[in-house]
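Letter by letter, the chains look like this.
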Amino acid sequence: MKKVAVFASGAGSNAINLFEDSQKDQMNCYKIQLLITNKENAGVIAKCKLMGIPCFLWKREHFYDSTILLEFLKNNEIDYVVLAGFLLKIPIDLIQKYPNKIINIHPSLLPKYGGKGMYGDFVHKEVLANSEKKSGITIHYVNENYDEGQIIFQKEIELNVSESLESLRSKIHQLEHQYFPAIIRKVFVEN
Ligand code: GRF
């Protein structure tokens, strides 16, 4: 069974979706040991409390002191790190310690609309501004460059001419909730 740490900075709908998925696991494929957030007002904190997920606030200034972070992950026997809307860049020594063991979800069809500052609604607004005919999600390994790691999975959707920010955001979230658990399970089973 893979032991997973989830990193999240926002509302945490993907984090909670993964947690619920891991709990209905008949085959003991993975367990979410803990969640790390860098935002003291992140919505995910209250959700973790409700669900009984150990949640740790790790502010930016301490996040890059990665000796402590690595030690913490090691002490908790973490095999994989899953980023679910996590906004800080991952320190290089964490990437080196967890090669192909850090997985991110991104709300566009990478390499389009990725990179620094491209997250959440910033992505969707750009997609709409460029009158794209399709968008989608990308699940990928994390390397030292924002959103450039090896792609594991993509799923696209057609966009309507009348697509709004709200409708696009909602469609992308639905895709994420549908596919993220299944794809990380596949990775865990195959590795
Ligand atoms: C998701 O759209 C994900 O793709 C992106 O950040 C968003 C997080 O949403 N990386 P939530 O906090 O899981 O609801």
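No experiment lies behind these values; they were computed from the predicted model shown.

1. Observations concerning the side chain of Thr138
And step 1. Its location among the elements puts Thr138 in strand S6 (residues 134–141).
And step 2. Here Thr138 falls in the buried class, since its relative accessible area comes to 0%.
And step 3. Within the structure, Thr138 has its side chain in polar contact with the backbone nitrogen of Leu110 (distance 3.0 Å).
And step 4. Setting aside residues no more than four positions away along its own chain, Thr138 makes contact with Asn104, Ile105, His106, Ser108, Leu109, Leu110, Ile151, Phe153 and Gln154.

2. With respect to the pattern of salt bridges
And step 1. Evaluation of the coordinates by the stated rule reveals 9 salt bridges.
And step 2. Sharing partners across several salt bridges, the network here consists of Asp21, Lys24 and Arg185.

3. What to know about the site of the ligand
And step 1. Around the ligand sit Ala11, Gly12, Ser13, Asn14, Gly85, Ile105, His106, Pro107, His173 and Glu176, and that is every residue in its neighbourhood.
And step 2. The contact in question runs from an oxygen atom of the ligand to an N or O atom on the side chain of Ser13, over 2.5 Å.
And step 3. Note that an oxygen atom of the ligand is positioned 2.8 Å from one of the backbone N or O atoms of Asn14.
And step 4. Protein burial of the ligand: of its 360 Å² of free accessible surface, 87% is covered by the chains.
And step 5. Counting residues per element, the ones that place at least two in the shell around the ligand are helix H1 (13–23), strand S5 (102–106) and helix H7 (165–190).
And step 6. Residues of the shell around the ligand, tallied by class, amount to 3 nonpolar, 6 polar and 1 charged.

4. So, the packing of aromatic side chains
And step 1. Applying the stated criterion across every chain, the model contains 10 aromatic pairs.
And step 2. With centroids separated by 4.9 Å and ring planes inclined at 70°, the aromatic side chains of Phe56 and Phe72 adopt a geometry described as edge-to-face. Of this pair, Phe56 sits in strand S3 (residues 55–57) while Phe72 sits in helix H4 (residues 66–75), and the two are 16 residues apart along the sequence.
And step 3. Residue classification places Phe72 among the buried positions, given a relative accessible area of 16%.
And step 4. Relative to Phe72, the ring of Trp58 has its centre 5.0 Å away and its plane inclined at 55°; by these criteria the two rings are tilted. You can see Trp58 sitting in the loop between S3 and helix H3 (60–63) and its partner Phe72 sitting in helix H4, a full 14 residues away along the chain.
And step 5. Ring pairs connect the aromatic residues Phe7, Phe63, Tyr64 and Phe86, which therefore count as one cluster.
And step 6. Sitting over the ring of Tyr146, Lys89 keeps its end group 5.5 Å from the ring centre.

5. Here's the deal with the sheet that holds strand S7 (residues 151–158)
And step 1. Spatial ordering of the open sheet is given by S3-S2-S1-S4-S5-S6-S7, a layout of 7 strands whose pairing is mixed. In this open sheet, the two strands that pair with only one neighbour each are S3 and S7. Taking each pair of neighbouring strands and ignoring which way they run, the sheet shows an average axis angle of 20°.
And step 2. Two elements, strand S1 (residues 2–7) and strand S2 (residues 30–37), share 6 bridges in a ladder whose sense is parallel. Each bridged residue has a counterpart across the sheet, and for Lys2 the counterpart in S2 is Tyr30.
And step 3. Sheet strands touched by H4: S1, S2, S3 and strand S4 (80–83). Its angle to S2, the strand with the most contacts, is close to 155°.
And step 4. Lying on the sheet, H7 is in contact with S1, S2, S4, S5, S6 and S7; it crosses S6 at an angle near 30°.

What counts, and where the lines are drawn
Each chain has its residues counted from 1, following the order in which its sequence is written. Under the rules for a predicted model, residues below a pLDDT of 70 receive no local features and side-chain atom pairs below 80 are neither given nor counted, while totals for whole chains, interfaces and linings still include all residues. Side-chain metrics in this entry use all non-hydrogen atoms of the structure; hydrogen atoms and water are not considered. By definition, any uninterrupted DSSP run of H or I lasting at least four residues is a helix, any uninterrupted run of E lasting at least two residues is a strand, and each is numbered from the N terminus. Note on classification: 1.4 Å probe, protein chains only; a residue is buried when its accessible area is under 20% of the maximum for its type, exposed when over 50%, partly exposed between these limits. Whenever a nitrogen or oxygen atom comes within 3.5 Å of another N or O atom, the pair is scored as a polar contact, on the condition that within protein one atom can donate a hydrogen and the other can accept it, and that pairs from neighbouring residues in sequence are kept only if both atoms are in side chains. Note on contacts: a residue pair qualifies if any of its non-hydrogen atoms lie within 4.5 Å across the two residues. When a carboxyl oxygen of Asp or Glu is within 4 Å of a side-chain nitrogen of Lys or Arg, the pair counts as a salt bridge. A molecule or strand has a residue near it when one of that residue's heavy atoms lies within 4 Å. The accessible surface values rely on the Shrake-Rupley method and a 1.4 Å probe; as for residues, cover is taken only from the protein chains in view. Think of it as three bins: nonpolar holds Ala, Val, Leu, Ile, Met, Phe, Trp, Tyr, Cys and Pro, charged holds Asp, Glu, Lys and Arg, and polar takes everything else, Gly as well. Only centres within 6.5 Å qualify two rings of Phe, Tyr or Trp (six-membered ring in Trp) as a pair; their planes then separate them into stacked at under 30 degrees, edge-to-face at over 60, and tilted for everything else. As a reminder, the over-ring test applies to NZ of lysine and CZ of arginine, requiring each to be within 6 Å of the ring centre and within 35 degrees of the ring normal. DSSP bridges decide pairing: two strands pair if at least two such bridges lie between them. Geometry is summarised by axes, namely lines fitted to C-alpha atoms with helices restricted to the contacting stretch, and by angles between N-to-C directions that run from 0 to 180 degrees.

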